[in-house]
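# Coordinate analysis (summary)
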Amino acid sequence: ATRHAASALGRRQFEPVTAPRALPLAGIRIISAEAYGAGPYGTLFLAQLGADVIKIEPPQRSGKGGGDTARAVGPHWLRDGESLYFQTFNLNKRSLTLDLATPAGQAVLHRLVLNSDAVANNLRGDIPAKLGLTYDALASVNPAIVCAHISAYGRDNARATWPGYDYLMQAEAGFCALTGEPDGPPVRFGLSMVDYMTGTMMAVGLLAALLDAQRTGKGRDVDVDLFSAAVHQTSYPALWYMNEADVTPRAPRGAHPTATPSQMFRTADGWMFVMAQLPKFWEILVQRIGHPELAHDPRFLTPADRRANRETLTQLLDALFETQPTAHWCARLEGHVPIAPVNELAQALDNPWLDTIAMKQTVAHPDRADLQVLASPIRIDGERLPGRAAPLLGADSDAILGELGYDADEIARLRADGTI
């Protein structure tokens, strides 16, 4: 036993000691003049990946609420002017109140930029230049600074001054016309997906420019606009139309435009989505639902046959699936055929699989010690990224200014004149 212990001790002495690795963006500082959804969603990923994201927010004026407009979005609140909505997009960030429209505010901004790697914003297209948030305005302060912009329609065209939101992009880019039942009205997505896609694209562009700046010492502007992002997501139907004048129509039950069966089907107690898009999945499906004869039915022999007879096949499969509840079919088909229950939102979030894969986190907020949030979908070294509650308005102003070299008297003067 003694020899065993000595041998184990010897092995431990020669094993390399590995400290936990820092997050990939640790040491990167990003300033963000952001509000509402698209910009904050993009910088959320950067903050959770370890960047120090400093969120610049308008200070309060004469008793009027300041900060990101998202702080005032109801209906659920943690404190006066502090919304649960705001927590969604601002985890792991720090808040600095700062009036960028004043000379004193610009002086603070420049001192920040001197010690930062990127500046992001999602302001109206004509505003970044007015507030000095472009590369032209900041290159003399820090030649390596990357300036990332999200706007509704871009900063360099006739729509630059137009306000714009996600739902408008869904309408103009064709999303609404592609969504819903063929004989129903146009339907928007239930979520603001254009905001989220645009924010993610901005983060990718920012990181690419940041890599280049680290190599070359020169930063640049990166632009993504909601409308361009939405149009880009029309993807293969866009190419079908541009090259073949083929307009993709709406399909019933949310069906795939070409593959069948790939759509929603009724069950005894609800709906499920079945995607037997490949021939192998069609063969497995008919076997596991107990009707192998369908594989030999001349109406359904090939993908083209099944598409041509989609309505007939839908009626036939509906009649079969309606004999049992959704759970029965999921138990029989999951892991063999691509299938999912069509959940209500509450069912989706109460799904125990979210706990299995650690897609929920608890963070401490001053008003709620066990605030539940969604975890980042990104995993690093097999682990979900750490979460921290979104900051109270201006909670980090003194600390950030202190890091920049402002003393207590200077900070007090900035607060007294309304700069912070």
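Residues numbered from 1 in each chain as written. Predicted model: local features only at pLDDT ≥ 70, side-chain atom pairs only at ≥ 80, totals over all residues. Heavy atoms only, no water.

## Observations regarding the overall build of the chain
For the chain, the helix and strand inventory stands at 19 helices and 15 strands. In terms of principal-axis extent, the alpha carbons of the chain reach across some 85 × 80 × 45 Å. Taken across its 420 residues, the chain has 43% of its residues classed as buried. Partitioning the intrachain contacts of the chain with sequence separation of at least 6 by distance along the chain shows that 66% fall at a separation of at least 24. Element-wise, carbon and sulfur atoms account for 57% of the exposed surface of the chain, whose accessible area totals about 22,100 Å². The averaged location of the 46 negative side-chain charges in the chain is 4 Å from the averaged location of its 38 positive side-chain charges. (Helix = DSSP H or I, 4+ residues; strand = E, 2+ residues; numbered from the N terminus. Buried < 20%, exposed > 50% of the residue type's maximum accessible area, 1.4 Å probe, protein only. Contact = heavy atoms within 4.5 Å. Areas by Shrake-Rupley, 256 points an atom, 1.4 Å probe, with all protein chains shown as cover. Lys, Arg positive; Asp, Glu negative; His and termini not counted. Charge placed at Lys NZ, Arg CZ, Asp CG, Glu CD.)

## Some details on the sheet that holds strand 7 (residues 146-151)
Read across the sheet, 6 strands follow the order 5-2-1-6-7-8 without closing on themselves; strand pairing throughout is parallel. What marks the edges here is a single partner per strand, and that holds for strand 5 (94-97) and strand 8 (221-225). Direction aside, the axes of adjacent strands within the sheet are offset by 20° on average. Looking at chain direction, strand 2 (residues 52-57) and strand 5 are connected through 4 bridges and run parallel. Residue pairing across strands places Ile54 opposite Arg94, the latter belonging to strand 5. (Pairing = 2+ DSSP bridges. Axes fitted to C-alpha atoms, helices over the stretch in contact; angles between N-to-C directions.)

## Quick word on the layout of surface pockets
As a volume, the second largest pocket reaches approximately 420 Å³. In terms of lining, the second largest pocket is formed by 19 residues, of which the most central are Asn122, Leu123, Arg124, Gly164 and Tyr165. Taken together, the residues of the lining of the second largest pocket break down into 11 nonpolar, 5 polar and 3 charged. (1 Å grid on protein atoms, 1.4 Å probe; cavity = no way out; pocket = protein on both sides within 12 Å on 5 of 7 lines; lining within 4 Å. Points joined across faces, edges and corners; volume = space filled by probe spheres on them. Nonpolar A, V, L, I, M, F, W, Y, C, P; charged D, E, K, R; others polar.)

## A few points about the nonpolar core
Among the nonpolar cores identified, the biggest contains 32 residues, and Ile30, Leu46, Val146 and Leu206 are the most heavily contacted of them. Elements that contribute at least two residues to this core include exactly helix 2 (38-48), strand 6 (118-121), strand 7, helix 9 (193-216), strand 8 and helix 10 (226-232). If one sorts the elements of this core by residue count, helix 9 sits on top with 8 residues. The residues touching Leu46, leaving out its near neighbours within four places in the chain, are Leu25, Ile30, Ala51, Val53, Ala203, Leu206 and Leu207. Counting residues in hydrophobic clusters, the runner-up holds 26 residues, among them Ile56, Val119, Leu138 and Ile420. (Core = buried A, V, L, I, M, F, W, Y, C linked by side-chain atoms within 4.5 Å.)

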